[in-house]
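# Analysis of the macromolecular model
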Amino acid sequence: MDPVRNPYAPGAGQRPPELAGRDKQLAAFDIVLERVARGRPERSVMLTGLRGVGKTVLLNQLRSAAVSRSWGTGKIEARPDQDLRRPLSSALHMAVRAIAMAHRNPEHVDDFLGILKAFALRATADKGMRERWQPGIDVPAVTGRADSGDIEIDLIELFKEAAALAADIGVGIGIFIDEMQDLGPADVSAICGACHELSQDAAPLIVVGAGLPHLPAVLSASKSYSERLFSYHRIDRLDRESADLALIAPAEREEVKFTSEALDSLYHKADGYPYFVQAYGKAAWDQAPESPITAEDVEVASPTAEEELAVGFFGSRYERATPAEREYMRAMADLAGDDGPVATSAVAAELGRKPASVSPARDGLIKKGLIYSAERGTIGFTVPHFGRYLRSV
């Protein structure tokens, strides 16, 4: 089989050749876009799930859907300990530039850009002159709106101004935030407050976030009404039909087939996780001498896929952990036979330690995005099959 023609693409956020199993979420978002365009109230959207299930891919696809309707869009990736104001300013600037050409009132656009500049400049207002950040907006800053220094007040005012600009030409604005669980508490509170105000006014601006399974808990801890504020979509592994389609459709475009036994084996090994489907599919293609790809080809190729996953998907994350954090994860792996969440008290008992003494390791792993608090008193891996990997090394 020609490796140059190999259609499978395991990669972080890389769109697979066939986006299978996400029709429900795409259709729901089309309704959101249409309702917002018609001035109907609608909730912002949150995608949650483990790593490797395709949240970033879906987030990008939703953004493409918004762009196809002439919306202005901007995207950011949240990072721990990073203030929201600066990246959000850049994302909103990008969104407004996309709709500015169609706007009939250039002065209104410039007025908004002046407000956005004032909002952005607050990001480094307390820094020395040499350290101050300039947002690259070529209009004077407008004082008195979105520049109080209180991120929640400022964000509400900024989003309302941006929504009014989009409403002038009958489109919307979408702000897409990846890794949203990494936002600081004040920034999470600000986004919740702003989305609450926007939904009450049926304003044409929505936030679409993606994050780990505990993102709803992060939002709820900030605002008690957040469970009613957003439309939540849990992104999980693919069912058998969708996983098969993700393999078959790209292969058929290259006039290559799989035997049913090969598909059985691939589903068993990948367990329906989109990243794993691509990794095993790529390895099986490269190994197979000819079409159809057989179960024997899959078995011979599996060590190659597993080695790649061990180094790039699992190993790189494991290396980021401190010795104490690795010990904590190994205890989790020993307790979680099926990789499911385990009680934090059980992990401490497994280590022969008091719960308070292992809290720093647990908190460090959560901050690094390696584990998450599934619910009160429990903890789980953010990466599927990570426990299985740890038990094998």
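What you see is a predicted model; the values in this text were computed from it and never measured.

### With respect to the UniProt feature "domain: Cytochrome c" (unreviewed entry) in the protein
- Here the UniProt-annotated "domain: Cytochrome c" (unreviewed entry) positions come out as residues 167-333.
- The annotated region residues 167-333 carries 63% helix and 11% strand content, and the separation between its end C-alpha atoms amounts to 52 Å.

### Structural notes on the environment of Ala279
- With respect to the element layout, Ala279 can be found in helix α11 (residues 274-287).
- The buried category is assigned to Ala279, whose relative accessible area is 2%.
- Separated by 26 residues in the primary sequence, Ala279 and Ala305 place their C-alpha atoms 5.8 Å from one another.
- For Ala279, the residues in contact, after removing those within four places along its chain, are Pro10, Ala305 and Leu309.

### Focus on helix α9 (residues 240-253)
- Under the 1.5 Å per step criterion, the end-to-end length of α9 is 20 Å for 14 residues, consistent within 8% with the ideal 20 Å.
- Within the sequence span of α9, burial applies to Ser242, Ala243, Asp244, Ala246, Leu247, Ala249, Pro250 and Ala251.
- For α9, the elements touching its buried residues are α10 (260-270) and α11.
- Looking one or two places after α9, you find Glu255, whose phi comes out positive at around 60 degrees.

### Observations regarding the packing of aromatic side chains
- The tally for this structure, following the rule as stated, stands at 12 aromatic pairs.
- Look at Phe276 and Phe313: their rings are 5.4 Å apart centre to centre, the planes differ by 80 degrees, and that puts the pair in the edge-to-face class. With Phe276 in helix α11 and Phe313 in helix α12 (residues 295-319), this pair connects stretches of sequence that are 37 residues apart.
- Assessed through its relative accessible area of 5%, Phe313 is described here as buried.
- A centroid spacing of 6.0 Å and a plane angle of 35 degrees characterise the contact between Phe314 and Phe386, whose relative ring orientation is tilted. Of this pair, Phe314 sits in helix α12 while Phe386 sits in helix α16 (residues 386-392), placing them 72 residues apart in sequence.
- Phe386 gets classed as buried once you look at its relative accessible area, which sits at 1%.
- Ring-pair connections join several aromatic residues into one group, and the members of that group are Tyr273, Tyr275, Phe276, Phe313, Phe314, Phe381, Phe386 and Tyr389.
- The ring of Phe313 carries the charged tip of Arg317 above its face, separated from the ring centre by 4.9 Å.
- The ring of Tyr318 has Arg326 sitting right over it, with the charged end atom 4.8 Å from the ring centre.

### Topic: unusual backbone geometry
- Geometrically, the link from Ser291 to Pro292 is a cis peptide bond, its omega value of 5 degrees lying close to zero.
- Topologically, Pro292 is positioned in the loop between α11 and α12.
- Not every positive phi belongs to a glycine, and Ala202 is a case in point at roughly 55 degrees.
- With respect to the secondary-structure elements, Ala202 resides in the loop between α6 (185-201) and β4 (205-211).
- Notably, Glu255 is not glycine yet its phi reads approximately 60 degrees, a positive angle.

### So, the pairing of β4
- By the criterion of burial, β4 is predominantly enclosed, with 7 of the 7 residues buried.
- Taking every second residue as pointing to the same face, both faces of β4 are buried, with Leu205, Val207, Gly209 and Gly211 on one and Ile206, Val208 and Ala210 on the other.
- Examined bridge by bridge, strand β1 (residues 44-48) and β4 share 4 bridges and lie parallel to one another. Bridging across to β4, Val45 finds its partner in Val208.
- Where strand β3 (residues 173-178) and β4 come together, 5 bridges link them in parallel fashion. In the sheet register, Ile173 faces β4, and the bridge partner there is Leu205.

Here is what the cut-offs are and how they apply
Residues numbered from 1 in each chain as written. Predicted model: local features only at pLDDT ≥ 70, side-chain atom pairs only at ≥ 80, totals over all residues. Heavy atoms only, no water. UniProt positions renumbered as here; feature names shortened; annotations may be inferred. Helix = DSSP H or I, 4+ residues; strand = E, 2+ residues; numbered from the N terminus. Buried < 20%, exposed > 50% of the residue type's maximum accessible area, 1.4 Å probe, protein only. Contact = heavy atoms within 4.5 Å. Expected span 1.5 Å × (residues − 1). Phe/Tyr/Trp six-rings, centres within 6.5 Å; stacked < 30°, edge-to-face > 60°. Lys NZ or Arg CZ within 6 Å of the ring centre and 35° of its normal. Pairing = 2+ DSSP bridges.

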